[in-house]
Amino acid sequence: RYIHQDLWDVETLLERIDWTRGLWIEEKIDDELWSRFTALDIDLFHVTIRSLFDYAAALLRFVSDKPGQIPSSTDEDLESDGRVSFEKLYNWAQKPTVSKRFSPDFVKAIKDCEWFCILRIVRNAIVHWGGQTHMMFDKPRIVFQTVKGHDHSQLVRFPEVMYNENVVDFELYAGMIYGYLLNFLEDVGKLIFNWLSAADQVDQQ
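What counts and how
Note on numbering: residues in each chain are counted from 1, in written sequence order. Totals for whole chains, interfaces and linings use all residues, but because this is a predicted model, local features are given only for residues with pLDDT of at least 70 and pairs of side-chain atoms are given and counted only at 80 or more. In computing side-chain properties, one takes all heavy atoms of the structure into account and sets aside hydrogens as well as water. Secondary structure elements are taken from DSSP: a helix is a run of H or I of four residues or more, a strand is a run of E of two residues or more, and numbering for both begins at the N terminus. A 1.4 Å probe rolled over the protein chains alone gives each residue an accessible area, and that area as a share of the maximum for its type sets the label: buried under 20%, exposed over 50%, partly exposed in between. Any pair of residues with heavy atoms lying within 4.5 Å of one another is described as a contacting pair. For accessible areas, the Shrake-Rupley method is used with a probe of radius 1.4 Å. Any residue's cover is judged against the shown protein chains and nothing else. In this analysis, axes come from line fits to C-alpha atoms, helices being fitted only over the stretch in contact, and the angle between any two N-to-C directions falls in the range 0 to 180 degrees. Oblique is the label for any angle not covered by the other classes, which are roughly parallel (under 35 degrees), roughly antiparallel (over 145) and roughly perpendicular (65 to 115). Crossing handedness follows the turn of the near helix against the far one: under a right angle anticlockwise gives a left-handed crossing, and clockwise gives a right-handed one. Under the scheme applied here, ten amino acids are nonpolar (Ala, Val, Leu, Ile, Met, Phe, Trp, Tyr, Cys and Pro), four are charged (Asp, Glu, Lys and Arg), and all others, including Gly, are polar. Only Phe, Tyr and Trp rings are paired, with Trp represented by its six-membered ring, and only when their centres lie within 6.5 Å; those with planes under 30 degrees apart are stacked, over 60 edge-to-face, the remainder tilted. The arc in question is the one spanned by the directions pointing from the helix axis to the C-beta atoms. Each polar contact in these results corresponds to two N or O atoms within 3.5 Å; when the atoms are within protein, one needs to be able to donate a hydrogen and the other to accept it, and residues that are neighboring in sequence are counted only if both atoms are side-chain atoms. To form a nonpolar core, buried Ala, Val, Leu, Ile, Met, Phe, Trp, Tyr and Cys residues must be joined to one another through side-chain atoms within 4.5 Å. Should a side-chain nitrogen of Lys or Arg be within 4 Å of a carboxyl oxygen of Asp or Glu, the pair is scored as a salt bridge.

**Q** Give me the overall build of the protein chain: which residues, what numbers.
**A** Secondary structure summary: the protein chain contains seven helices and three strands in total. When the helices and strands of the protein chain are listed from N to C terminus, the series reads α-α-α-α-α-α-β-β-β-α. Residue burial in the protein chain is summarised as follows: out of 205 residues, 40% are buried. Summarising the internal contacts of the protein chain: among those between residues at least 6 apart in sequence, 59% fall at separations of at least 24. Split by element, the accessible area of the protein chain, about 11,600 Å² in all, is 53% carbon and sulfur.

Put into structure tokens, the structure is as follows:
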């Protein structure tokens, strides 16, 4: 349910960004207002997807058949409620011994999310490091870049979606991220389906 709600929130954000862009094109709002509205929604886009990944990590841990061997919460405060950080799960999946103890499909679904690392960096910068999203004025395109607060280093660097060497075409970027996200969730769904099927066979026996 949480993943479903986050997906709806992401789609609503994308719809609102496009709606606001329409107001800007029609000059019903000025550059400054469009810039502030859209930058905030792009920030929320990153935060919401990052949150969704932790819900997915909790599901993955549950269907792993060995949840006690998968890190949950933090090393300092392992909670009993099963909370899982996808970042910890992703780092854990890189260990050579993991693939010997868990299903290859399970490990692959996690390791294939290299793009999560960029998403995490952008989200952490926004939430913890004073990161800022800046908009460029090139109507009707949505062009942005998110930078760290202390050194203003550029954080979004996907060559295939760059508008130029410094800034990003948001439509291409959002489409790429959302496509990767749906592919990841499809992999998670298959793992859950297989786990449920195996559980049903055990019950029938």
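**Q** With reference to specific residues and values, describe the packing of helix α3 (residues 86-93) against helix α5 (residues 104-111).
**A** At a minimum axis distance of 9 Å, the contact between α3 and α5 shows a crossing angle of 120°. Considered as vectors, α3 and α5 are oriented oblique to each other. In terms of crossing hand, the pair formed by α3 and α5 is left-handed. The segment α3 lies against α5, with Phe 86, Leu 89, Tyr 90, Trp 92 and Ala 93 engaging Phe 106, Val 107, Ile 110 and Lys 111. In the contact of α3 with α5, the residues fall into eight nonpolar, no polar and one charged.

**Q** Which residues make up the environment of Leu 191, and what values go with them?
**A** Within the element layout of this structure, Leu 191 appears in helix α7 (residues 170-204). We classify Leu 191 as buried; its relative accessible area is 12%. As for Leu 191 and Ser 103, which are separated by 88 residues in sequence, their C-alpha atoms are 9.6 Å apart. Not counting the four nearest positions on each side in its chain, Leu 191 is found in contact with Leu 60, Asp 105, Phe 106 and Ala 109.

**Q** Any chance you could break down the packing of aromatic side chains for me, citing the residues and the numbers?
**A** In the structure shown here, the tally under the stated rule is 20 aromatic pairs. Plain terms: the ring middles of Trp 92 and Phe 102 are 5.1 Å apart, the flat faces sit at 80° to each other, and that makes the pair edge-to-face. In this pair, Trp 92 sits in helix α3 while Phe 102 sits in the loop between α4 (98-101) and α5, placing the two residues ten residues apart along the sequence. Of the two residues, Trp 92 and Phe 102, neither departs from the other in class, the shared state being buried. Taken together, a centroid distance of 5.7 Å and an interplanar angle of 25° make the contact between Phe 102 and Phe 106 stacked. Every member of this aromatic cluster is reached through a ring pair, and the members are Phe 53, Phe 86, Tyr 90, Trp 115, Phe 116, Tyr 180 and Phe 184.

**Q** Lay out α5 in plain terms, naming residues and giving numbers.
**A** Residues three or four positions apart in an α-helix share a direction because the helix packs 3.6 residues into each turn. Restricting attention to buried positions, one finds in α5 the residues Phe 106, Val 107, Ala 109 and Ile 110. Looking down the long axis of α5, one finds its buried residues gathered within 155° of arc, a one-sided arrangement. Where α5 begins, the capping side chain belongs to Ser 103, and its oxygen is found 3.2 Å from the backbone nitrogen of Asp 105.

**Q** Tell me about the nonpolar core, residues and numbers included.
**A** Judged by nonpolar contacts, the single largest core of 57 residues is most densely connected at Phe 53, Phe 86 and Tyr 173. Those elements that provide at least two residues to this core are α1 (2-25), α2 (31-62), α3, α5, α6 (115-128), β2 (141-147) and α7. The contacts of Tyr 173, once residues within four sequence positions are left out, are Phe 45, His 46, Phe 144, Val 156, Phe 158, Val 161 and Val 168.

**Q** An account of the pattern of salt bridges is needed here, citing residue identities and associated values.
**A** Scanning the entire structure with this criterion turns up ten salt bridges. Here Asp 169 ties to Arg 141 by a salt bridge, and the two come within 2.7 Å at their closest N and O atoms. Remark: Arg 141 occurs in strand β2 and Asp 169 occurs in strand β3 (residues 168-169); sequence separation between them is 28 residues. On the accessibility criterion, Arg 141 (36% relative accessible area) is partly exposed. Among the charged side chains, a salt-bridge network with shared partners connects Asp 18, Arg 21 and Glu 171.

The analysis is restricted to geometry; functional conclusions fall outside its scope.
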